[in-house]
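These are the residues of each chain, in order.
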Amino acid sequence: METDLLTGDIKLDLAIKQWLEYDKNPKTVSLVRGLVKDGAVEALRKSFSARMEFGTAGLRAAMGPGISCMNDLTIIQTTQGFCRYLEQCFGDLKSRGVVIGFDARAHPASGGSSKRFASLAAAVFTSQEVPVHLFSDITPTPFVPFTVSHLGLCAGIMVTASHNPKQDNGYKVYWANGAQIVPPHDQSIAEAIEQNLEPWPLSWDAERALQSPLLQDPYRDTHTHYYRVIQKHCHYRDINKSSKVKIVHTSVHGVGHAFVQSAFEVFDLRPPYAVEEQKDPDPEFPTVKYPNPEEGEGVLTLSFALADREGATVVLANDPDADRLAIAEKQKSGQWRVFSGNELGALLGWWVFRCWKQQNSDPAAVKSAYMLASTVSSKILRAIALKEGFHFEETLTGFKWMGNRARDLLDQGKSVLFAFEEAIGYMCCPSVLDKDGVSAAAIAGEMTAYLDTKNTSLSQQLTAIYEEYGYHITKNSYFICHDQEVIRRLFQRLRNYGDGKGSYPKECGRFTVASVRDLTTGYDSNQPDDKAVLPTSSSSQMITFSFANGGVATMRTSGTEPKIKYYTELCAAPGNSDVKQLQKELDELVDAIVENFFQPEKNKLLPKPV
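Treat the numbers as computed from the prediction; the structure is a model and nothing was measured.

1. Some details on the packing of aromatic side chains
Step number 1: Across all of its chains, the model carries 28 aromatic pairs by this definition.
Step number 2: Aromatic side chains Tyr504 and Tyr523 sit 5.1 Å apart centroid to centroid with 5 degrees between the ring planes, which places their arrangement in the stacked category. Of the two residues, Tyr504 sits in the loop between α19 (484-495) and β19 (507-508) while Tyr523 sits in strand β21 (residues 523-524), which places them 19 residues apart along the sequence.
Step number 3: Put simply, the rings of Phe135, Phe143, Phe146, Tyr219, Tyr226, Tyr227 and Phe259 touch in pairs and so form one group of aromatic residues.
Step number 4: Cation over ring: Lys563 sits above Tyr478, and NZ or CZ is 4.0 Å from the ring centre.

This is how it looks when you write it as structure tokens:
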């Protein structure tokens, strides 16, 4: 190893030496050599100290050089491990194959892009004689799980960082059942990656892979069949055709524009007005601070301006990979209301059940119907299910759990009507066992058109749902914390509260804690044996407090971002319509949780940016 490439840190020098032996991307090689030459030891440690952790969400990290970043070499290493694991699991991998999709992200400084990473992943699989269905162009994330199920493939890979900042990218993995992977697949794949770090002879040859007879482009076939399937969820075509409702759509510089336009077309809805400055994919996301419609009004400023110019009353927004959907509606006051994910879950859940019920007049059919939501999402579906007679189930946080549970239920001959999570993710069509912002946009468009014939707005319909099934007031937010030790201490304090070791809080300010469920340790005070029913995971923090006043609060860490999130809800019985009092009670509960449990000043937690 050349002496000019020594940092003095033996372990770091070995990692750099191995990297330079394996890496064939001149840009990342040059970046590493430059850091060594400049003596940037801390930057090198950041790049080489720890490999990106492969979890159930796959990979998510910044693009750049080193084992802690997304780049050509780490994509090759990850795919080699994944390929070997799939060979162990599927004897027919070489006849069934995999699908690979990608979004429009790019990082010129390191030569990385979603398209480049997808072609390298394809090179790895074809080098092992595994057929690859590689999309020839950008595609929404939901098209990958749809293609896995539609073609009966062994797995799917989507190269995307969804709504993360522009420098990030990701590698999302789907199993043969069409849902995201769940444990223990993630750990087994991580182990296989570590055993296959040296690039195989043909892994770098993306050009050869693109010419391989093992490579097919599923774009046209998937496009045709996806839109054919979602049309089954179009129930009011005549209303759609004649509707005068004006809707604005933004894809926030992501992939969604053309696909949502097509979805509206197959529903015979008038095309939504597209936000010109944001409709084409742009990896720089130049008009927004964060490309995440969940952040609300800041991302929707241009949409509101276009809607005001065109006289539109509803705005639909997808995140950059089009698996999430945000909706806003202009109120009579002229102000815009951005619905929360939970409010949209109530609206879409109500609508999907209403449409299903009209198609299924047999009273017995409802006994086989299911809706799902993550445990941190609103319990509104539970309230609707209690009155209407269908089944409602909670899962752990994340669509991986809902997708896998939906697959189990479908395999048992059940009907899975709808699933949602509060992070604006909706599964309105069981042909995609993941959140899907494209089909949800078209279904929301039809719901809006139908309600317009009744002179009813989305806001009015939401109120009607709460009046019938009980008000569910929610308040969710997060704190930013980059120090894992601070996060660990914060949660350990809650498990050893006050004087007692192993005792949880009995109150929070003036609010009495009725029960505690800790899905990190597996404790649940509501169960006879104190053991939680939902699966537990010691690798992530998650505690839920239920209060005597009917409030529920969950605190958890994010799997993909440096955040400690909280989710709170106050559920009222039908008939209790004093919304202001309910809101005041919830606000006071949240203030108490922040002050007593989070202690943001002591822990130096940064609040959610305004």
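2. Some thoughts on helix α16 (residues 399-411)
Step number 1: Taking 1.5 Å of rise per residue, the 13 residues of α16 would be expected to cover 18 Å, and the 18 Å separating its terminal C-alpha atoms lies within 8% of that figure.
Step number 2: All of the buried residues in α16 are Phe399, Lys400, Met402, Gly403, Asn404, Ala406 and Leu409.
Step number 3: At its buried positions, α16 is contacted by β14 (369-374), β15 (391-395), β16 (415-421) and β17 (425-427).
Step number 4: Residue Gly413 follows α16 closely and has a positive phi angle near 85 degrees.

3. Considerations on the nonpolar core
One broad trend across soluble globular proteins is that nonpolar side chains are buried collectively.
Step number 1: Residues Phe82, Phe125, Phe418 and Tyr426 are the most contacted members of the largest nonpolar core, which totals 178 residues.
Step number 2: Grouped together as the second largest cluster of nonpolar side chains are 11 residues, Ala179, Met402, Ala406 and Val416 included.

4. Comments concerning unusual backbone geometry
Step number 1: Omega for the peptide link from Pro183 to Pro184 comes to 5 degrees, which places this bond in the cis form.
Step number 2: Along the polypeptide, Pro184 turns up in the loop between β7 (168-174) and α8 (185-194).

5. Structural notes on the sheet that holds β7
Step number 1: Strand order across the open sheet formed by six strands is β1-β7-β6-β2-β5-β8, with mixed pairing between neighbours. In the strand order of this sheet, the two ends are held by β1 (59-62) and β8 (215-216), each with one partner.
Step number 2: Bridge count for strand β6 (residues 155-159) against β7 is four bridges, and the pairing is antiparallel. Considered in β7, the bridge of Met158 is made with Lys172.
Step number 3: Along the sheet face, helix α4 (residues 72-89) touches β1, β2 (98-102), β6 and β7 and points at about 5 degrees away from the line of β7.
Step number 4: Packing against the sheet, helix α6 (residues 114-127) makes contact with β2, β5 (132-134), β6, β7 and β8, and its axis sits at approximately 165 degrees to β2.

Cut-offs and rules
- Residues numbered from 1 in each chain as written.
- Predicted model: local features only at pLDDT ≥ 70, side-chain atom pairs only at ≥ 80, totals over all residues.
- Heavy atoms only, no water.
- Phe/Tyr/Trp six-rings, centres within 6.5 Å; stacked < 30°, edge-to-face > 60°.
- Helix = DSSP H or I, 4+ residues; strand = E, 2+ residues; numbered from the N terminus.
- Lys NZ or Arg CZ within 6 Å of the ring centre and 35° of its normal.
- Expected span 1.5 Å × (residues − 1).
- Buried < 20%, exposed > 50% of the residue type's maximum accessible area, 1.4 Å probe, protein only.
- Contact = heavy atoms within 4.5 Å.
- Core = buried A, V, L, I, M, F, W, Y, C linked by side-chain atoms within 4.5 Å.
- Pairing = 2+ DSSP bridges.
- Axes fitted to C-alpha atoms, helices over the stretch in contact; angles between N-to-C directions.

So yeah, pure geometry; function would need other evidence.
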